[in-house]
Amino acid sequence: MNRRSPPGAGDAPGPSWVPSEPPPLPRRPTRHWGRRILALVVVLVIVGVVAGVALFVYANRRVTQQAVACSACTPAPAGASGTNLLVLASDTRVGLSPAEAQKLDPGNIDLNSGERADSIALVHLEPGTGKAVVISIPRDLRVPAAGGGYGKINGYFNNGPNPMVAEVTSLTGLPIQHFIEVNFTSFGEIDDALGGVDVYFNRPINDPNSGLDQPKGCDTLTGAQALAFVRDRDTDSDFGRIARQRLFVTLMMDKVLTPGTLLNPVKVVDLIKLGLGSLTHDSGLGLTTMLDLALHYHSFNSSDIDFRVLPVQSTGQVIGGVDYVIENTQQATALLSALQDGSPLPPYGIQSVNAAPTPSTGSAGAPPASRAPASASPAAPASPAGNIAGASFGAPCS
C-alpha cells in the first residue's frame, strides 16, 4: 500500500517538517480550600482548648473559693460502692439587701431565725449503676438536741454544717463523705438562667409568707416566684413543700438536659458560673471529684433518681408546746439499712406525686385572670403508690 508522505519528506536538502503543537490547555487555578479548612479546624481546636483550659481554671478557682473544712465528713468505708452527700438549703438572710430580703421573704418568717436548714436531703450516689437515691429529712423532725433534751433537726445548722453532718450521720447510720449548701437566692438565679420552669396549679394560691401568688393554670415560674414555690409550707405542710421541691428539681433537670440548653454555650457557661458560685461545699469535694462524678453520670436524668422521705409515724405532734415530726423508727431503719447494704429498697417513704393535668381535670393553657386567695387548704390526697402525703398543689404542665 502506497502511503502518502508528508510534504517534503525525502526531499533534501529542503527544510524538515515540524508538526504543529496543539495549543496549551488553560491552567486550572490552584485550589487552596483543603488547606484553608484544615487551618480553620486547627484554629477552632486551639480556641476550644484555650477556652476549655480557661473554663477549668475559672471553675477550679470558684470551687476552691467556696470550699470549707468539714471535720464531720468521713471517707467511705472500704468496699463501699456508693457516695453519700448531704444537701442543705439555708434560710439565712446573710448577704441579702433589705429589698432582696423583702422580695424573697415578704412574710418575714425567717427574719430572726438565724441560719437553719430550710431543706435537708441525703443523696446516695451509685456511680457503678448511674443511679441515685434522695431521702428528704423533714426539717421539724424531733431529735436529741446538742445541749440535752430534744429539738428540731434543722436547728443543728445554726452552728454551721459540721454539727448538721454529724447529726444526720448519727440519725441514719450512714457515713457522709461530702456536703453541699445552696444559698438563699441561687435557686431562683439558676431557674432564671434556664428561662423558668412550667408548673401547673390546680387552684389559685396566695401565700403572703412566701409571696407565692399564682392563679389556676399553667405558668412559667422564674425568680422570686420559683423560690416561693419551693419554700411555701403554710398552704399545706412541710411534706407538701418537700413534694414541690422534688417536682421543681425534676423539672429543672429535665430542662437542663434538653438540646436547647446543652447546645447553647452561653447558657451552659452561665449555669456553670451560677452553680459554682452558689454552692458552698466541703474542701474534699474538689473539681476533680466533681468531674469524676460527672463522667460516671454522663447519661443521668431525673428518672434515675429514687425520691424518698424519711419514714415518719406522725406528720405533726405537739410536745411541750412545740410541733414536731416523729420518725417511724422501724421503717426508717429498714430503708436506711437496705441503702447501706445495696439491697432493694423496701416500699417505705414513698411520697404521692401529682399528675399532669388532663382534658378532664383542666387545661394547662393560659390561666384565668382572677387571683383570688386560696380557701382553706385541703389535705394532700393519698396515693396508692405512696405512703406519705404529697403536695396539695403543683404538678407538671404536661
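Above: the structure in question.
Residues numbered from 1 in each chain as written. Predicted model: local features only at pLDDT ≥ 70, side-chain atom pairs only at ≥ 80, totals over all residues. Heavy atoms only, no water.

Let's shift gears to the overall build of the protein chain. In terms of regular secondary structure, the protein chain is built from 10 helices and 16 strands. Taken across its 398 residues, the protein chain has 41% of its residues classed as buried. Partitioning the contacts of the protein chain with sequence separation of at least 6, the portion at a separation of at least 24 is 71%. When the accessible surface of the protein chain is summed, it comes to about 21,400 Å², and 60% of that surface belongs to carbon and sulfur atoms. (Helix = DSSP H or I, 4+ residues; strand = E, 2+ residues; numbered from the N terminus. Buried < 20%, exposed > 50% of the residue type's maximum accessible area, 1.4 Å probe, protein only. Contact = heavy atoms within 4.5 Å. Areas by Shrake-Rupley, 256 points an atom, 1.4 Å probe, with all protein chains shown as cover.)

With that settled, the discussion passes to the nonpolar core. Residues Leu86, Ile120, Ile153, Met164, Val165 and Val168 are the most contacted members of the largest nonpolar core, which totals 32 residues. For this core, the secondary-structure elements that each account for two or more residues are β2 (83–90), β3 (117–126), β4 (131–136), α3 (161–172), α6 (238–256) and α10 (329–341). The element that contributes the greatest number of residues to this core is α10, accounting for 4 residues. Those residues in contact with Val165 that lie beyond four places of it in its chain are Cys70, Ala72, Cys73, Leu86, Ile176 and Phe179. Residues Ile190, Leu212, Ala228 and Leu247 belong to the second largest nonpolar core, which totals 18 residues. (Core = buried A, V, L, I, M, F, W, Y, C linked by side-chain atoms within 4.5 Å.)

For the structure on display, the rule yields 1 cavity of 30 Å³ or more. Size it by volume and the largest cavity reaches roughly 40 Å³. The wall of the largest cavity is formed by Val134, Ser136, Ile242, Arg246, Phe307, Arg308, Val309 and Gln351. For the lining of the largest cavity, the elements supplying multiple residues, two or more each, are β4, α6 and β13 (305–309). (1 Å grid on protein atoms, 1.4 Å probe; cavity = no way out; pocket = protein on both sides within 12 Å on 5 of 7 lines; lining within 4 Å. Points joined across faces, edges and corners; volume = space filled by probe spheres on them.)

Quick look at the packing of helix α4 (residues 186–194) against helix α5 (residues 223–231) now. The contact between α4 and α5 brings their axes to 8 Å, and the two run at 125°. As the angle between them shows, α4 and α5 are arranged oblique. For the pair α4 and α5, the crossing hand works out as right-handed. Contact with α4, carried on its side by Phe187, Gly188, Asp191 and Asp192, involves Gly223, Ala226, Leu227 and Val230 of α5 and no other residues of that element. (Axes fitted to C-alpha atoms, helices over the stretch in contact; angles between N-to-C directions. Parallel < 35°, antiparallel > 145°, perpendicular 65-115°, else oblique. Left-handed = near helix turned anticlockwise from the far one by under 90°.)

What follows covers the pattern of salt bridges. In the structure shown here, the tally under the stated rule is 8 salt bridges. Among the ionic pairs, Arg233 bridges to Asp140, the shortest N-O distance being 2.6 Å. Of the two residues, Arg233 is situated in the loop between α5 and α6 and Asp140 in the loop between β4 and β5 (142–144); the sequence distance between them amounts to 93 residues. Arg233 gets classed as partly exposed once you look at its relative accessible area, which sits at 25%. (Salt bridge = Lys/Arg side-chain N within 4 Å of Asp/Glu carboxyl O.)

Take the state of the cysteines next. Counted by the stated rule, this structure contains 2 disulfides. Sulfur-sulfur distance for the disulfide between Cys70 and Cys73 comes to 2.1 Å. Judged by the sign of its S-S torsion, about 85°, the cystine formed by Cys70 and Cys73 is right-handed. Take Cys70: its relative accessible area is 14%, and that puts it in the buried class. A relative accessible area of 15% means that Cys73 is categorised as buried. (Disulfide = S-S within 2.5 Å.)

Here 3 strands make up an open sheet; going across it, the order is β11-β8-β16 and the pairing antiparallel. In the strand order of this sheet, the two ends are held by β11 (217–221) and β16 (395–396), each with one partner. Here strand β8 (residues 197–201) pairs with β16 via 2 bridges, running antiparallel. Bridged to Tyr200 within β16 is Ala395. (Pairing = 2+ DSSP bridges.)

Tallied over the full model, the rule gives 4 aromatic pairs. Measuring from centroid to centroid gives 5.8 Å for Phe201 and Phe229, while their planes differ by 80°, and the two rings are edge-to-face. With Phe201 in strand β8 and Phe229 in helix α5, the pair connects residues that are 28 residues apart, well separated along the chain. Considered together, Phe201 and Phe229 belong to a single accessibility category, that of buried residues. Centre to centre, the rings of Phe201 and Phe393 are 6.0 Å apart; their planes meet at 20°, and the pair counts as stacked. One end of the pair, Phe201, is in strand β8; the other, Phe393, is in the loop between α10 and β16, and 192 residues separate them in sequence. Classification of Phe393 by relative accessible area gives buried; the value is 0%. Feature note: the residues Phe201, Phe229, Phe248 and Phe393 constitute an aromatic cluster, connected by ring pairs. For the cation-ring pair, Arg142 lies above Tyr150, with the distance from its terminal atom to the ring centre recorded as 4.0 Å. (Phe/Tyr/Trp six-rings, centres within 6.5 Å; stacked < 30°, edge-to-face > 60°. Lys NZ or Arg CZ within 6 Å of the ring centre and 35° of its normal.)

Mapped onto the fold, Ile205 is located in strand β9 (residues 205–207). On the basis of relative accessible area, Ile205 is assigned to the buried category, the value being 0%.

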